[in-house]
Amino acid sequence: MKKDIRIKKFYEKTVETWFLLCAIIAILFLGIISIYLFLEGTPAIFKIGLKEFILGSKWMTSAEIFGIFPMIIASIYGTLGAIVLGVPIGIFTAIFMAEIAPEPIVKIVRPAIELLAGIPSVIYGFFGLIVIVPIIDNIFGNGGNSLLAAIIILGIMILPTIVNISESAIREVPKSYKEGSLALGASQIQTIFRVILPAARSGILAGVVLGIGRAIGETMAVILVAGNTPLLPESITDRVRTMTSNIALEMSYAFGLHQEALFATGVILFIFIILINVALHLLVFRSEK
Amino acid sequence: MKKIITSLIVLILITSLITACTGTSHVSEGTESTGTISVVGSTSVTPLAQEIAYEFEDAHPEIRVDIQGVGSSAGIKAVYDGVAHIGMASRNLKPEEKEWGLTEHVIAIDGVAVAVHPNNPVSDLSLETVTKIFKGEITNWSEVGGNDMEILVVSREAGSGTRGAFEELVDLLEDKESLLREDALIAEGNGSVKANIASKEGAIGYLSLGYLDETITPVKIDGVEPTVENILSGDYKVSRPFLMLTKDPVDPNVQSYLDFIMSTEGQEIAGQNFVPVK
């Protein structure tokens, strides 16, 4: 009897340790990636000079001039544009699915959005290159590869994230809120905008922040449609290069300081991602409180 | 106890990973040098030399080929100084380098074609005009006999071998700084350059000869079409030789590697991306 318990206990411990090891592997890789990225990237930042690197507006690798300001701006503009385009559509879709649409329609819309999330980014980029870029070229000229094309593609790409998270946030709003509001004589639309959305606010914000993370990190689709010119954009139809595209475009040929500068671009991008994650955690923390 | 064991395991994992990461770069140093050929030079030639070397090492397991891409000039200097067996260069030798008495082996030729959209009536440009277009001094097709349309310059990314060769050949470099117009559309890879030219009527770009097809139209440079024949005859100027340079006396192992490159098998590999010489 006693032996039996011992074996059971041993078994429990083994499984626990195994799970612990698996958990450690994830953290280990995060640690190694961070350490490696910072070890490879930060020396270049100091060699180039922090100010010259972050605020320099010229990227000319053959002359060893490395300024990523236009790329930081392009990443921010692209992400902001995607948010402006994607968030309203995403939230309205979520409201529609959670509150308005009858069940049969939800059964069509939801799988469609889930499928949208599963499409590989290179397909989005290809679609952008052969459909959206020529349309922009026809309307505005200048080739069509532009910040605008990147914004449209990113706006579509962040939709699933925003719709899914917002929808579950809206569904989690207690029924009594809605019933109370309707009982007081508010219309359904008034109830949605005045009661349900404010109550689901932090969940929706979390979805938006995750969407920002997706948009700023997207690489392949952006390389295909954005034109990749390392200049500060003056209008929405200008060609831009984001931080992620810069790394992916030039890594295969780079060596020496050029390669280190690309790692350094990664460091700056990583810092942006960390900031976004901190924001996300603060939001989730607030909503749990 | 459990905590100690797990932390030990973690420690072992970390150290083994770190040593695995840092250790790989030193593996090559321990091997004996008698059967090793050192090949040093142009980064553009490196992939081709490496690919042929893999096949060569399969056929001659006793010989190791050690290839380093450090740039054409450094490679030429290294073989002259006797530091390397073979120097690789992706350009012709300069007059002073010619005097060093190195033996030149042309192993392949890389042609760079300038191409436009099929609807573009412009079919012939002088080398000078090409330079002006890529610099941004000519910005409308009507200035070179075409339709009234903005010229859209498509270029490769910085560091690309094709871009380096093109900038050198059409005189787009000044003190190592690229004179390419800054707002050029940058496409990743020859295929992407082709796709961009094929979809935009005002586009002009350059790409490796092997990527030409009916979706884009190559323009004649100074009246010469970019074809394998014209490159071989030397009429088409926007091309460069891939050279292997040796200094006498040539080691038999080195000779057998060079022979392998010039063999049918080696030239077949060269022909995949470049113009073979045999």
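Residues numbered from 1 in each chain as written. Chains lettered and ligands numbered in written order. Predicted model: local features only at pLDDT ≥ 70, side-chain atom pairs only at ≥ 80, totals over all residues. Heavy atoms only, no water.

**Some points on the overall build of chain B**
Link 1 in the chain: The helix and strand inventory of chain B stands at ten helices and 14 strands.
Link 2 in the chain: Buried residues in chain B amount to 46% of all 278 residues.
Link 3 in the chain: Considering only contacts in chain B between residues 6 or more positions apart, those separated by 24 or more positions represent 72%.
Link 4 in the chain: Element-wise, carbon and sulfur atoms account for 53% of the exposed surface of chain B, whose accessible area totals about 13,200 Å². (Helix = DSSP H or I, 4+ residues; strand = E, 2+ residues; numbered from the N terminus. Buried < 20%, exposed > 50% of the residue type's maximum accessible area, 1.4 Å probe, protein only. Contact = heavy atoms within 4.5 Å. Areas by Shrake-Rupley, 256 points an atom, 1.4 Å probe, with all protein chains shown as cover.)

**A closer look at the pattern of salt bridges**
Residue and element names in this part refer to chain A.
Link 1 in the chain: As enumerated under the stated definition, the model contains twelve salt bridges over all chains in all.
Link 2 in the chain: Between Arg 171 and Glu 167 there is a salt bridge, with its nearest N and O atoms 2.8 Å apart. With Arg 171 and Glu 167 both in helix 7 (residues 159-171) and four residues apart, the pair spans about one turn of that helix.
Link 3 in the chain: Assessed through its relative accessible area of 44%, Arg 171 is described here as partly exposed.
Link 4 in the chain: Three or more residues joined by partner-sharing salt bridges are found here, namely Arg 110, Glu 167 and Arg 171. (Salt bridge = Lys/Arg side-chain N within 4 Å of Asp/Glu carboxyl O.)

**Considerations on the domain arrangement of chain A**
Residues and elements named next belong to chain A.
Link 1 in the chain: Each domain of chain A was delimited in the assignment, giving domain 1 (2-53) and domain 2 (69-288).
Link 2 in the chain: Centre-to-centre separation of domain 1 and domain 2, based on C-alpha positions: 29 Å.
Link 3 in the chain: Taken residue by residue, the interface counts 13 residues in domain 1 and twelve residues in domain 2.
Link 4 in the chain: When the two sides are added together, the surface that domain 1 and domain 2 hide from each other amounts to roughly 1,100 Å², 81% of it contributed by carbon and sulfur.
Link 5 in the chain: Put simply, domain 1 and domain 2 have one salt bridge between them. (Domains from an automatic or database assignment. Buried area = accessible area lost by both parts, 1.4 Å probe.)

**Structural notes on the domain arrangement of chain B**
Residues and elements named next belong to chain B.
Link 1 in the chain: Domain parsing of chain B yields domain 1 (35-110 + 241-276) and domain 2 (111-239).
Link 2 in the chain: Computed over C-alpha atoms only, the centres of domain 1 and domain 2 are separated by 29 Å.
Link 3 in the chain: On the side of domain 2, eleven residues touch domain 1, which itself brings seven residues to the contact.
Link 4 in the chain: For the domain 1 and domain 2 pair, buried surface summed over both sides reaches about 670 Å², with 55% attributable to carbon and sulfur atoms.
Link 5 in the chain: When the buried area of domain 1 at its contact with domain 2 is split by residue, Ile 109, Asp 110 and Val 275 rank highest and sum to 66% of it.

**Let's talk about the packing of aromatic side chains**
Link 1 in the chain: Taken as a whole and assessed by the stated rule, the structure comprises eleven aromatic pairs over all chains.
Link 2 in the chain: When the centroid spacing of 6.4 Å and the interplanar angle of 70° are considered together, the rings of A:Phe92 and A:Phe193 count as edge-to-face. Separated by 101 residues along the polypeptide, A:Phe92 in helix 3 (residues 69-100) and A:Phe193 in helix 9 (residues 188-199) bring together distant segments of the chain.
Link 3 in the chain: Here the aromatic cluster, defined as three or more aromatic residues joined through ring pairs, consists of B:Phe56, B:Tyr257 and B:Phe260.
Link 4 in the chain: If you follow B:Lys247 out to its NZ or CZ, it ends over the ring of B:Tyr80, 5.5 Å from the centre. (Phe/Tyr/Trp six-rings, centres within 6.5 Å; stacked < 30°, edge-to-face > 60°. Lys NZ or Arg CZ within 6 Å of the ring centre and 35° of its normal.)

**Concerning the side chain of B:Asp110**
Residues and elements named next belong to chain B.
Link 1 in the chain: Topologically, Asp 110 is positioned in strand 4 (residues 103-116).
Link 2 in the chain: The buried category is assigned to Asp 110, whose relative accessible area is 2%.
Link 3 in the chain: There is a polar contact of 3.3 Å between the side chain of Asp 110 and the side chain of Ser 208.
Link 4 in the chain: Looking at Asp 110, its side chain comes within polar contact range of the side chain of Arg 240, at 2.8 Å.
Link 5 in the chain: Sequence-distant contacts of Asp 110, defined by excluding residues within four places in its chain, comprise Ser 208, Val 238, Ser 239, Arg 240, Phe 242 and Phe 274. (Polar contact = N/O pair within 3.5 Å; in protein donor to acceptor, adjacent residues only side chain to side chain.)

**Quick word on the side chain of A:Ser75**
All names here are of chain A.
Link 1 in the chain: One can find Ser 75 in helix 3.
Link 2 in the chain: Of the residues examined, Ser 75 reaches a relative accessible area of 3% and is grouped as buried.
Link 3 in the chain: Looking at Ser 75, its side chain comes within polar contact range of the main-chain nitrogen of Met 243, at 3.1 Å.
Link 4 in the chain: Contact partners of Ser 75, with chain neighbours within four places excluded, come to Ile 216, Thr 242 and Met 243.

**With respect to the interface of chain A and chain B**
How big an interface is tends to be stated in terms of accessible area lost as the parts join.
Link 1 in the chain: Of the residues lining the interface, 34 residues belong to chain A; the matching set on chain B comes to 26 residues.
Link 2 in the chain: In total, about 2,500 Å² of surface goes out of reach between chain A and chain B, with carbon and sulfur atoms giving 64% of it.
Link 3 in the chain: Among the secondary structure elements, those contributing two or more residues to the side of chain A that touches chain B are helix 1 (2-48), helix 5 (121-140) and helix 12 (243-250) of chain A.
Link 4 in the chain: By residue number, the principal contributor to the side of chain A that touches chain B is helix 1 of chain A, which donates eight residues.

**Quick look at the packing of helix 2 (residues 46-59) of chain B against helix 10 (residues 264-273) of chain B**
Residues and elements named next belong to chain B.
Link 1 in the chain: Between helix 2 and helix 10, whose axes approach to 10 Å, the crossing angle comes to 145°. Read as a crossing pair, helix 2 and helix 10 show a hand that is right-handed. Here helix 2 contributes Leu 48, Glu 51, Ile 52 and Glu 55 to the contact with helix 10, which in turn contributes Glu 265, Gly 266, Ile 269, Ala 270 and Gln 272.
Link 2 in the chain: Of the residues belonging to the contact of helix 2 with helix 10, the class tally is four nonpolar, two polar and three charged. (Axes fitted to C-alpha atoms, helices over the stretch in contact; angles between N-to-C directions. Left-handed = near helix turned anticlockwise from the far one by under 90°. Nonpolar A, V, L, I, M, F, W, Y, C, P; charged D, E, K, R; others polar.)

**Concerning the confidence of the model for chain B**
Link 1 in the chain: Residues at a pLDDT of 70 or more form 87% of chain B, whose mean pLDDT is 83.
Link 2 in the chain: Predicted complex, confidence summary: ipTM 0.77, pTM 0.75. (pLDDT = per-residue confidence, 0-100.)

**Concerning empty space enclosed by the protein**
Link 1 in the chain: Going through the model one piece at a time under the given rule, you end up with two cavities of 30 Å³ or more.
Link 2 in the chain: Size it by volume and the largest cavity reaches roughly 60 Å³.
Link 3 in the chain: Considering the residues around the largest cavity, the lining is formed by 13 residues, among which A:Ala74, A:Ser75, A:Gly78, A:Leu154 and A:Thr242 are closest to the centre.
Link 4 in the chain: Those elements that place two or more of their residues in the lining of the largest cavity are helix 3, helix 6 (147-157), helix 10 (201-217) and helix 11 (220-226) of chain A.
Link 5 in the chain: The leading source of residues in the lining of the largest cavity is helix 3 of chain A, at four residues.
Link 6 in the chain: The residue makeup of the lining of the largest cavity, split by class, is eight nonpolar, four polar and one charged.
Link 7 in the chain: As a volume, the second largest cavity reaches approximately 40 Å³.
Link 8 in the chain: B:Asn119, B:Asn120, B:Pro121, B:Trp141, B:Gly146, B:Asn147, B:Met149 and B:Glu201 together form the lining of the second largest cavity.
Link 9 in the chain: Along the lines of polarity and charge, the residues of the lining of the second largest cavity split into three nonpolar, four polar and one charged. (1 Å grid on protein atoms, 1.4 Å probe; cavity = no way out; pocket = protein on both sides within 12 Å on 5 of 7 lines; lining within 4 Å. Points joined across faces, edges and corners; volume = space filled by probe spheres on them.)

**Here's the deal with the nonpolar core**
Residues and elements named next belong to chain A.
Link 1 in the chain: In terms of nonpolar packing, the biggest core is built from 39 residues, with Ile 91, Ile 153, Ile 170, Leu 197, Ile 204 and Val 225 touching the most fellow members.
Link 2 in the chain: Among the elements of the structure, helix 3, helix 5, helix 6, helix 7, helix 9, helix 10 and helix 11 are those that each provide at least two residues to this core.
Link 3 in the chain: Sequence-distant contacts of Ile 204, defined by excluding residues within four places in its chain, comprise Ile 91, Ser 166, Ala 169, Ile 170 and Leu 197. (Core = buried A, V, L, I, M, F, W, Y, C linked by side-chain atoms within 4.5 Å.)

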